[in-house]
Amino acid sequence: MTAPRTLLDKLWSAHEIVRREDGASLLWVDRHLVHEGSHHAFGKIAARGAPVAEPDLTFAVVDHYAPTRGRDRISDPQIKYMVETLRKNAQAHGLRLFDLQDPGQGIVHVVGPEQGLTLPGLLVNCGDSHTSTHGAFGALAFGIGATEVAHVLATQTIWQKMPTAMRIRIEGTLGPGVSAKDIALNWIARLGADGAQGHALEYAGSTVRSLSMEGRMTLCNLSIEGGARFGLIAPDETTYAYLKGRPYAPKGVDWEAALEHWAELKTDETASFDEDILLSAEDIAPTVTWGTSPEQAIPVTADIPDPNQLANGKAQGVRDALEYMGLSAGHRIEGTPVDQVFIGSCTNGRIEDLRHAAAVLSGRKAKVSGLVSPGSALVKAQAEEEGLDRIFLDAGLEWAASGCSMCVGMNGDLVSPGKRCASSTNRNFRGRQGPGALTHLMSPAMVAAAAVTGAITDVRPLLKGRKV
């Protein structure tokens, strides 16, 4: 009899071609997603005169530099160069390109799943750390560096050492106004930004099973911010329902065969983990970051930590973060004024995220400016069909095209120096949204609450009597 195996064990062994003496495995890559930032890797293979090994398994997406306004005529020369370079590389190698005017364009980690490129059991690579998003489908998905991107382009394989397995189980029912974003910020705050360092993190439990695919993608997306190499969730009926009928998903008898295979992609009951953590959904509240790391997060009703009461060498880091953010220890985070809001990103730019924000904003006016950038053109079209765009516009927010946008600001969507932004994105590092920008991470519903009150606000009272 074989020993009990984790989902990680099963996925890894299915892709391992050979293992070196140092423990590194050569893995087959089923899907390689590239974007504008991959130009260095294309340059490397061009210098060697090498073609893309598997163009039918390589997909190009314009997202990081994608203008959210005026994309018909790009005025910024750097942005234009980056977009044009991806176009030339895609054309030269015969790659499917989701270009700016493509109806399937969007953020790479939104496009992959909604196109059915991301499937259970596949190994997905991209030169972006939030590739872990795709693990929500039971895929082995992780970000890689420029040299590794070049290796995958040239060989459709990658060398990796298998990480140790970690599991976080969440049991119970989430309260009103509490989402997958809050689950992620909660565990990262508890365990720290290095709490899952070097691990493959599997999420399990009744709470995770009750999440939509959008919620599961948010959870796996943020695994990186807690130090994990990637996140995983075993596929189930929710996964299958999401994927059925997607353009690149199996059809007919192939679909039935895929379902049989996917049903085996789960951790065996008696398999063990290097770390196994249990959390209660009832203990999780709407959560917001106050500092310059995702681990610096607290429930919206809590007080900002006092560095003088902290141990483990974190006191100075807290002082530095408070100074940068212009906040005072011991003060309630709720009520902190914000200057603007942003809803979007590969973390929270999907249709469910927009619905949650619209439920708060409907019939209300924003007190601050804000930008809403859907995660893809398909999400944008669906939101407009549902009338969500009118809710955002009537509230006084800007409704823009899809792209990474203000999450990283490469396309020019930035927070001005010293301005405070309530954001549905994934990182609150210094300058992440622009030099001197002050970023508070939270769920889309919490961002909407900040928009209508002009301050960090507990969304729960604003949802009373409303359908979410």
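For the structure itself, consult the block above.
These numbers come from a predicted model, not from an experiment.

**Q** Got a minute to help me understand the overall build of the protein chain in this structure?
**A** The helix and strand tally for the protein chain stands at 17 helices and 19 strands. Over its C-alpha atoms the protein chain spans a radius of gyration of 21 Å, differing by no more than 12% from the 23 Å that the globule rule assigns to 468 residues. Considering only C-alpha atoms, the protein chain reaches an extent of 55 × 55 × 45 Å along its principal axes. Taken over 468 residues, the protein chain has a buried fraction of 60%. Of the contacts formed within the protein chain by residues at least 6 apart in sequence, a portion of 75% connects residues at least 24 apart.

**Q** I keep staring at the packing of aromatic side chains and nothing clicks. Help me out?
**A** In this description, a pair of aromatic rings is defined by centroid distance and the angle of the planes. Taken as a whole, this structure holds six aromatic pairs when the rule is applied. Each ring, one from Phe 59 and one from Tyr 248, has its centre 5.5 Å from the other, and the planes form 80 degrees; the classification is edge-to-face. Taken together, the positions of Phe 59 in strand β4 (residues 58-61) and Tyr 248 in the loop between α9 (237-243) and α10 (252-262) put the pair 189 residues apart, joining distant regions of the chain. Using a relative accessible area of 5% as the deciding quantity, one classes Phe 59 as buried. Feature note: the residues Tyr 240, Trp 255 and Trp 262 constitute an aromatic cluster, connected by ring pairs. Directly above the ring of Trp 159 sits Arg 20, whose terminal nitrogen or CZ lies 4.3 Å from the centroid. Just above the ring of Tyr 242 sits the side chain of Arg 246; from NZ or CZ to the centre is 4.0 Å.

**Q** What exactly am I supposed to notice about the layout of surface pockets here?
**A** Empty space among the atoms becomes visible once a probe the size of a water molecule is rolled across them. Estimates place the volume of the largest pocket at around 470 Å³. Looking at the largest pocket, it is lined by 26 residues, and the ones nearest its centre are Leu 174, Val 178, Ser 179, Ala 180 and His 356. Going through the elements one at a time, α6 (180-191), α7 (206-210), α8 (213-221), α13 (351-361) and α16 (444-453) are the ones with two or more residues in the lining of the largest pocket. There is about 280 Å³ of room inside the second largest pocket. Looking at the second largest pocket, it is lined by 13 residues, and the ones nearest its centre are Trp 290, Glu 295, Leu 310, Lys 314 and Val 318.

**Q** Can you walk me through the pattern of salt bridges in this structure?
**A** If you walk through the whole model with that rule in mind, you get 19 salt bridges. Across the pair Arg 216 and Asp 236 runs a salt bridge whose closest N-O atoms are separated by 2.9 Å. Placement of the pair is Arg 216 in helix α8 and Asp 236 in the loop between β11 (230-232) and α9, with a sequence separation of 20 residues. The two residues Arg 216 and Asp 236 agree in class, both being buried. The shortest N-O distance in the salt bridge between Arg 460 and Asp 458 comes to 2.9 Å.

**Q** What's the story with the pairing of strand β10 (residues 199-204) in this structure? I'm lost.
**A** Regular strands place side chains that alternate from one sheet face to the opposite one. Across the six residues that make up β10, a large majority, six, are buried. Alternating positions in β10 separate into two faces, His 199, Leu 201 and Tyr 203 on one and Ala 200, Glu 202 and Ala 204 on the other, with burial throughout. After leaving strand β9 (residues 164-171), the chain enters α6 and then returns to the sheet as β10, a path that is right-handed. Across three bridges, β10 lies against β11 in parallel orientation. Counted as the bridge partner of Leu 201 is Gly 231 from β11.

**Q** Would you mind showing me how to read the sheet that holds β10 here?
**A** Strand pairing within a sheet occurs via backbone hydrogen bonds; the two strands may be parallel or antiparallel. Reading across the sheet, the four strands line up as β11-β10-β9-β12 and stay open at both edges, with parallel pairing between neighbours. Each edge of the sheet is formed by a strand with only one pairing partner; in this case those strands are β11 and β12 (275-280). Adjacent strand axes in the sheet meet at a mean angle of 25 degrees, parallel and antiparallel pairs treated alike.

**Q** Explain the nonpolar core here, please?
**A** Nonpolar side chains in soluble globular proteins tend to be buried together. Ranked by size, the top nonpolar core spans 88 residues in total, and within it Ile 168, Ile 170, Trp 187 and Tyr 203 carry the most contacts. Of all hydrophobic cores here, the second largest spans 49 residues; its members include Cys 346, Ala 358, Val 447 and Ala 448.

**Q** Teacher, can you tell me more about the environment of Thr 439 here?
**A** Here Thr 439 shows up in strand β19 (residues 438-441). For Thr 439, a relative accessible area of 1% gives the class buried. Expressed as a C-alpha distance, the spacing of Thr 439 and Val 110, which sit 329 residues apart in the sequence, is 23 Å. Ignoring sequence-local partners within four residues, the contact set of Thr 439 consists of Thr 289, Gly 291, Met 325, Cys 421, Ser 423, Arg 427, Asn 428 and Gln 433.

**Q** Where do I start with empty space enclosed by the protein in this structure?
**A** In the structure shown here, the tally under the stated rule is one cavity of 30 Å³ or more. Taken as a whole, the largest cavity encloses approximately 30 Å³ of empty space. Taken together, Thr 6, Leu 7, Leu 8, Ala 165, Met 166, Ala 200, Glu 202, Leu 232 and Phe 273 form the lining of the largest cavity. Put simply, the parts of the chain that give the lining of the largest cavity at least two residues each are α1 (7-15), β9 and β10.

**Q** How do you make sense of helix α11 (residues 315-325) when you look at a structure like this?
**A** At 3.6 residues per turn, the α-helix brings residues three or four places apart onto the same side. Among all positions in α11, only Ala 315, Val 318, Ala 321, Leu 322 and Met 325 are buried. Buried residues of α11 fall within an arc of 125 degrees about the axis and therefore sit on the same side. Considering only its buried residues, α11 is in contact with β18 (420-423) and β19.

**Q** Quick question: what am I supposed to make of helix α3 (residues 77-93) here?
**A** With 17 residues, α3 extends 24 Å from end C-alpha to end C-alpha; this agrees with the ideal 24 Å at 1.5 Å per step. Residues Ile 79, Met 82, Val 83, Thr 85, Leu 86, Asn 89 and Ala 90 constitute the buried set of α3. The arc that holds the buried residues of α3, viewed along the axis, is 155 degrees, so those residues lie on one side. Exposed and oriented more than 90 degrees from the buried face of α3 are Pro 77, Tyr 81, Lys 88, Gln 91 and Ala 92. Contacts from the buried residues of α3 go to β3 (31-34), α2 (39-47), β4 and β5 (96-98). The opening residue of α3, the one whose side-chain oxygen lies 2.9 Å from the backbone nitrogen of Gln 78, is Asp 76. Trailing α3 by a residue or two, Gly 94 shows a phi angle of about 70 degrees, which is positive.

Scoring rules and cut-offs
Residues numbered from 1 in each chain as written. Predicted model: local features only at pLDDT ≥ 70, side-chain atom pairs only at ≥ 80, totals over all residues. Heavy atoms only, no water. Helix = DSSP H or I, 4+ residues; strand = E, 2+ residues; numbered from the N terminus. Rg over C-alpha atoms; globule rule 2.2 N^0.38 Å. Buried < 20%, exposed > 50% of the residue type's maximum accessible area, 1.4 Å probe, protein only. Contact = heavy atoms within 4.5 Å. Phe/Tyr/Trp six-rings, centres within 6.5 Å; stacked < 30°, edge-to-face > 60°. Lys NZ or Arg CZ within 6 Å of the ring centre and 35° of its normal. 1 Å grid on protein atoms, 1.4 Å probe; cavity = no way out; pocket = protein on both sides within 12 Å on 5 of 7 lines; lining within 4 Å. Points joined across faces, edges and corners; volume = space filled by probe spheres on them. Salt bridge = Lys/Arg side-chain N within 4 Å of Asp/Glu carboxyl O. Right-handed = clockwise from strand over helix to strand, strands pointing away. Pairing = 2+ DSSP bridges. Axes fitted to C-alpha atoms, helices over the stretch in contact; angles between N-to-C directions. Core = buried A, V, L, I, M, F, W, Y, C linked by side-chain atoms within 4.5 Å. Arc of directions from axis to C-beta. Expected span 1.5 Å × (residues − 1). Polar contact = N/O pair within 3.5 Å; in protein donor to acceptor, adjacent residues only side chain to side chain.

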